[in-house]
Amino acid sequence: MIGHGAAAVVALSALAGCAVGGNPIDDAISTSAISLADPAPSIATDPFAPQRAGDPGDTDRLIDEDTIRLAVTTADLGKLNDGALPWASAATGSSGTITEISQGELAGQTCRRFSATRNAYDGVTLYRGEVCLDPRSGWWTRSLAPAGTLRDAG
């Protein structure tokens, strides 16, 4: 008799474990309850990938600013003849034109001032900037900032 009673307790314990399982779907089915999905499921990400904060458009803008800066610093002003210097970024799909490049001396460093347009998915922006050449470390940005959008200029 004791053997049959122990077997009944084991069977009931096993069935009770099914109803209290850790899976919400199994719990909903076994208890006739409605189980809601997690509204914000976590998605595994690469723990070694650099974390980007802010708007993805900010990253595109920074890449475009680097492209403009590189175009200004590598331009051969002798061959430019006061013409416009086109630029484009394959990484962002943006493009534009650099104009009014002038070179001068500032505190013993060669500097270039310029204006540039950035044609991107978020509109057309006019930039004003200045880069300077430090003999020890190379070109550095003294200033580069949006002067406004072309919609603002009109």
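Fair warning: this is a prediction, and the values are worked out from it, not measured in the lab.

1. Focus: the state of the cysteines
Here comes step 1: As enumerated under the stated definition, the model contains 1 disulfide in all.
Here comes step 2: Disulfide pairing is shown between Cys111 and Cys132; the S-S distance is 2.0 Å. Across the disulfide from Cys111 to Cys132, rotation about the S-S bond amounts to roughly 110°, and the bridge is consequently right-handed. On the criterion of sequence distance, the pair formed by Cys111 in strand 3 (residues 109-120) and Cys132 in strand 4 (residues 123-134) is long-range, its members being 21 residues apart. Cys132 carries the same exposure label as Cys111, and that label is buried.

2. A look at the pattern of salt bridges
Here comes step 1: Enumeration according to the criterion identifies 8 salt bridges in this entry.
Here comes step 2: Close ionic contact of Glu65 with Arg61 constitutes a salt bridge, the shortest N to O distance being 2.9 Å. Of the two residues, Glu65 and Arg61 both sit in helix 3 (residues 56-74), 4 residues apart, roughly one turn of that helix.
Here comes step 3: Under the relative-accessibility criterion, Glu65 is labelled buried at 8%.
Here comes step 4: A salt bridge links Glu130 to Arg113, with the nearest nitrogen and oxygen atoms 3.5 Å apart.

Thresholds applied
Residues numbered from 1 in each chain as written. Predicted model: local features only at pLDDT ≥ 70, side-chain atom pairs only at ≥ 80, totals over all residues. Heavy atoms only, no water. Disulfide = S-S within 2.5 Å. Helix = DSSP H or I, 4+ residues; strand = E, 2+ residues; numbered from the N terminus. Buried < 20%, exposed > 50% of the residue type's maximum accessible area, 1.4 Å probe, protein only. Salt bridge = Lys/Arg side-chain N within 4 Å of Asp/Glu carboxyl O.

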